[in-house]
Amino acid sequence: MALDKMEKLHLEDKMIQTELCELEGIPLTKPVYSIWDQVWNFKARPDDLLIATYAKAGTTWTQEIVDMIQQNGDTEKCRRASTYRRHPFLEWYMPEPAPNGYSGLEIAEAMPSPRIIKTHLPVQMVPPSFWEQNCKIIYVARNAKDNLVSYYHFHRMNKALPDPGTMEEFMEKFMAGKVLWGSWYDHVKGWWKAKDKHRILYLFYEDMKENPKREIQKIMKFMEKDLEQEVLNKIIHNTSFEIMKENPMTNYTKDFVGLMDHSVSPFMRKGVVGDWKNYFTVAQNKKFDEDYNKKMADTSLVFRAEL
Ligand SMILES: Nc1ncnc2c1ncn2[C@@H]1O[C@H](COP(=O)(O)OS(=O)(=O)O)[C@@H](OP(=O)(O)O)[C@H]1O
């Protein structure tokens, strides 16, 4: 291999930086950690809509629903750019010359209102301006077991994330909260508490699968949008897993090129409730449940891990 190419690859490897470092007990990637002051000082605008989730809980799906509502069901407008470029990912940062160099902050700052912004931050790390501006927030939660399985496969296919090891090893890290964006348990509980004090619509992935029409209507109401039945049907259709999997603007084949390997596991993988049953052994399930019951004993939050 030519020397300059080797140097470039080495540099790119360094820029990808799969190592995590903790901020107030929350593991972040090194580049995100390095710009944390700027993230914290981000200036939200009153008409920003924040979509907050633990990673792999249904973010992309919700982003597409919200965009389709905002665009009054106009599919062409929704195809103006990829999900990743349409809705800035607030804290995400990968400096050039990393492939797909990206700064959520820069994209957000340059974007005209109304903005739809994505974040995976736990509630205590959301920049204060979102609360000061009383922004609307949609939080989507997914049951821990399916969330874990989806996150595991995402780590396998995404070179920007640490190697997950075996499913068993990843499960241990997930239970200990030693994964990017921290503890699932604290994330869902923290946002659940916050919903009583702020303008937060708290949704569940399982409810969206069970009855997309009902959940899309909830989002419409929250966004104060009244759309014709025909438009609603169009939104239901175009935000289904099958359509989004084939849509190059929503299936992540246009972004993270060279980082995400969809042949290892596609971003739009299965999109179902209960896939964890194909991965958890009986012993793992028992151990997981025992630990889960302890960690979730102090909340009224209830999840469904099957439909
Ligand atoms: N329309 C639709 N319907 C049902 N399920 C869907 C849909 N779109 C995305 N997905 C599934 O959501 C999982 C990806 O989660 P996120 O979008 O939150 O990922 S990310 O955190 O933004 O990287 C991932 O889940 P798994 O299939 O279980 O891995 C996607 O397949």
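As a starting point, this report considers the structure included with it.

Conventions we followed
- Residues numbered from 1 in each chain as written.
- Predicted model: local features only at pLDDT ≥ 70, side-chain atom pairs only at ≥ 80, totals over all residues.
- Heavy atoms only, no water.
- Helix = DSSP H or I, 4+ residues; strand = E, 2+ residues; numbered from the N terminus.
- Rg over C-alpha atoms; globule rule 2.2 N^0.38 Å.
- Buried < 20%, exposed > 50% of the residue type's maximum accessible area, 1.4 Å probe, protein only.
- Contact = heavy atoms within 4.5 Å.
- Areas by Shrake-Rupley, 256 points an atom, 1.4 Å probe, with all protein chains shown as cover.
- Lys, Arg positive; Asp, Glu negative; His and termini not counted.
- Charge placed at Lys NZ, Arg CZ, Asp CG, Glu CD.
- Pairing = 2+ DSSP bridges.
- Axes fitted to C-alpha atoms, helices over the stretch in contact; angles between N-to-C directions.
- Expected span 1.5 Å × (residues − 1).
- Phe/Tyr/Trp six-rings, centres within 6.5 Å; stacked < 30°, edge-to-face > 60°.
- Lys NZ or Arg CZ within 6 Å of the ring centre and 35° of its normal.
- Parallel < 35°, antiparallel > 145°, perpendicular 65-115°, else oblique.
- Left-handed = near helix turned anticlockwise from the far one by under 90°.
- Nonpolar A, V, L, I, M, F, W, Y, C, P; charged D, E, K, R; others polar.

What follows is about the overall build of the protein. Summing up its helical and strand segments, the protein has 16 helices and eight strands in all. For the protein, the C-alpha radius of gyration of 19 Å lies close to 19 Å, the compact-globule estimate for 307 residues. Principal axes of the C-alpha set define a box for the protein whose edges measure 60 × 50 × 40 Å. Counting across all 307 residues of the protein, residues that qualify as buried make up 57%. Summarising the internal contacts of the protein: among those between residues at least 6 apart in sequence, 73% fall at separations of at least 24. In the structure as shown, the protein presents an accessible area of about 14200 Å², 52% of it carried by carbon and sulfur atoms. Charged side chains in the protein number 43 positive and 44 negative. The centres of these two groups are separated by 2 Å.

Quick look at the sheet that holds strand 3 (residues 49-53) now. Taken in spatial order, the four strands of this open sheet run 6-3-7-8, and their pairing is parallel. Both edges of this open sheet fall to strand 6 (116-119) and strand 8 (200-204), since each of them pairs with a single strand only. Between one strand axis and the next, the sheet turns through 20 degrees on average, direction left out of account. This element, helix 4 (residues 59-70), spans strand 3, strand 6 and strand 7 (136-141) of the sheet and lies at about 160 degrees to strand 3. Helix 13 (residues 212-222) rests against strand 3, strand 7 and strand 8 of the sheet, and its axis sits at about 170 degrees to strand 8.

Counted at 1.5 Å a residue, the expected span for helix 16 (residues 282-295) with its 14 residues is 20 Å, and the 20 Å between its end C-alpha atoms agrees. Next to the buried residues of helix 16 lie helix 9 (144-157), helix 10 (167-176) and helix 11 (184-194).

Next up on the list: the packing of aromatic side chains. Going through the model one piece at a time under the given rule, you end up with 31 aromatic pairs. Considering the side-chain rings of Trp 192 and Tyr 202, the 4.8 Å spacing of their centres and the 80 degrees angle between planes classify their relative orientation as edge-to-face. Residue Trp 192 is located in helix 11, and its partner Tyr 202 is located in strand 8; the two are separated by 10 residues in the primary sequence. Judged on exposure class, the residue Trp 192 and its partner Tyr 202 are both buried. For the ring pair Tyr 252 and Phe 256, a centre distance of 6.3 Å and an interplane angle of 35 degrees mean the geometry is tilted. With respect to class, Tyr 252 is no different from Phe 256; both count as buried. Its guanidinium or amino end placed over the ring of Tyr 205, Arg 142 lies 3.9 Å from that ring's centre, counting from NZ or CZ.

Running from N to C, helix 9 and helix 16 cross one another at 120 degrees; their axes reach a closest spacing of 12 Å. Comparing the axis directions of helix 9 and helix 16 gives the class oblique. For the pair helix 9 and helix 16, the crossing hand works out as right-handed. The residues of helix 16 that touch helix 9, namely those facing Ala 144, Lys 145 and Leu 148, are Asn 285, Phe 288, Asp 289 and Tyr 292. When grouped by side-chain class, the residues that make up the contact of helix 9 with helix 16 number four nonpolar, one polar and two charged.

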